[in-house]
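Examining the three-dimensional arrangement
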Amino acid sequence: MKIYTSILLITLSLSAFSQNKAKTLLNEVSNKVKGYENISLDFKYVLENTSENIKQETKGDVVMQGNKYRLNILGVTRLYDGKNTYSISSEDEEVTISSENDDENDAITPSKMLSFYEDGYTYSLDIEQNVNGRKIQYVKLTPIDSNSEIKNILLGIDSQTKHIYNLIQIGKNGTKTTLTVNSFKTNTPLSKSLFTFDANKYKDYYINKLD
């Protein structure tokens with residue numbers, strides 16, 4: 001009985017140690033991100049579902065400042081100015097405008113991409129990998145909400161820079177999405193109008209207001 005008790009205590013201690021180390025690392029990442037005036041990322045996005053024989057790859061870029069962002073992906077520019085979201089499609093010549101606040105959703109949006117893990121997850125240290133000479137420490141995040149469509153998330157963190165290297169999300173439906181950061185720039189000079197929607201540039205576009 002004493003042996004089983006000892007094993008249980010050791011297991012619980014290791015679990016607590018893993019959670020504390022993971023929390024410390026995530027706090028370091030969060031503090032570093034919040035210290036930047038703005039962040040610019042170039043990234044690769046991969047969506048896979050082997051049972052459905054689906055694999056899609058695309059590249060994109062995003063600039064973030066506070067909760068504002070400008071995202072370019074799949075030929076669409078998505079702009080959030082702090083009040084409204086504008087989805088601009090050059091191919092369809094259409095602009096969709098919504099006053100919905102991205103931060104009120106559960107989805108991992110650009111404005112939350114580097115801080116989403118702060119609420120709603122339990123976490124523990126996972127594997128460490130060497131990627132082109134960089135030590136990437138993974139933290140496993142599990143949603144507290146049992147009804148979440150997310151099974152778990154692996155967050156890869158560069159041990160030296162404390163920047164997020166990649167994010168691997170596993171859905172309960174078997175879908176795996178991977179976002180890998182190819183370029184991480186901070187505090188770059190930005191145009192004052194970068195997060196401002198200029199209606200004069202889209203006079204010939206169909207404007208679709210959702211609310």
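Refer to the structure presented above.
All of the points below concern the structure found in this document. Here the structure is a predicted model, which is why all the values come from computation and not from measurement. (Residues numbered from 1 in each chain as written. Predicted model: local features only at pLDDT ≥ 70, side-chain atom pairs only at ≥ 80, totals over all residues. Heavy atoms only, no water.)

**Section: the packing of aromatic side chains**
For the coordinates displayed, the defined rule picks out seven aromatic pairs. Here a set of aromatic residues connected by ring pairs shows up, and it is made of Tyr86, Phe197, Tyr202 and Tyr205. (Phe/Tyr/Trp six-rings, centres within 6.5 Å; stacked < 30°, edge-to-face > 60°.)

**Details of empty space enclosed by the protein**
One pass over the full model with this rule turns up one cavity of 30 Å³ or more. Its volume calculated, the largest cavity comes out at about 40 Å³. If you trace the largest cavity, you find it lined by Met113, Leu114, Ile164, Asn166, Leu167, Leu179 and Val181. For the lining of the largest cavity, the elements supplying multiple residues, two or more each, are β10 (164-171) and β11 (176-186). (1 Å grid on protein atoms, 1.4 Å probe; cavity = no way out; pocket = protein on both sides within 12 Å on 5 of 7 lines; lining within 4 Å. Points joined across faces, edges and corners; volume = space filled by probe spheres on them. Helix = DSSP H or I, 4+ residues; strand = E, 2+ residues; numbered from the N terminus.)

**Here's the deal with the pattern of salt bridges**
Oppositely charged side chains may form a pair once their charged atoms are brought near each other. Summed over the entire model, instances satisfying the criterion amount to four salt bridges. For Lys162, the salt bridge is made with Glu28, and the minimal N-O distance between the two is 4.0 Å. Of this pair, Lys162 sits in the loop between β9 (150-158) and β10 while Glu28 sits in helix α1 (residues 2-34), and the two are 134 residues apart along the sequence. A salt bridge links Asp158 to Arg134; its shortest N-O distance comes to 2.8 Å. Here Asp158, found in strand β9, pairs with Arg134, found in strand β8 (residues 134-143); they are 24 residues apart in sequence, far enough to count as distant. Taking the relative accessible area as the measure of exposure, Arg134 reaches 32% and is therefore partly exposed. (Salt bridge = Lys/Arg side-chain N within 4 Å of Asp/Glu carboxyl O. Buried < 20%, exposed > 50% of the residue type's maximum accessible area, 1.4 Å probe, protein only.)

**Observations concerning unusual backbone geometry**
Despite not being glycine, Asn53 has its phi angle at roughly 55°, a positive value. With respect to the helices, strands and loops of the structure, Asn53 is situated in the loop between β1 (39-49) and β2 (54-65). The exposure class of Asn53 is exposed, given its relative accessible area of 73%.

**With respect to the nonpolar core**
The tendency in soluble globular proteins is for nonpolar side chains to be buried as a group. Core analysis: the biggest nonpolar cluster contains 29 residues, and Val62, Met64, Phe116, Tyr117, Leu141 and Leu155 have the highest contact counts within it. Those elements that provide at least two residues to this core are α1, β1, β2, β3 (68-73), β8, β9, β10 and β11. Looking at this core element by element, the count peaks at five residues for α1. (Core = buried A, V, L, I, M, F, W, Y, C linked by side-chain atoms within 4.5 Å.)

This is a description of form; function is not addressed.
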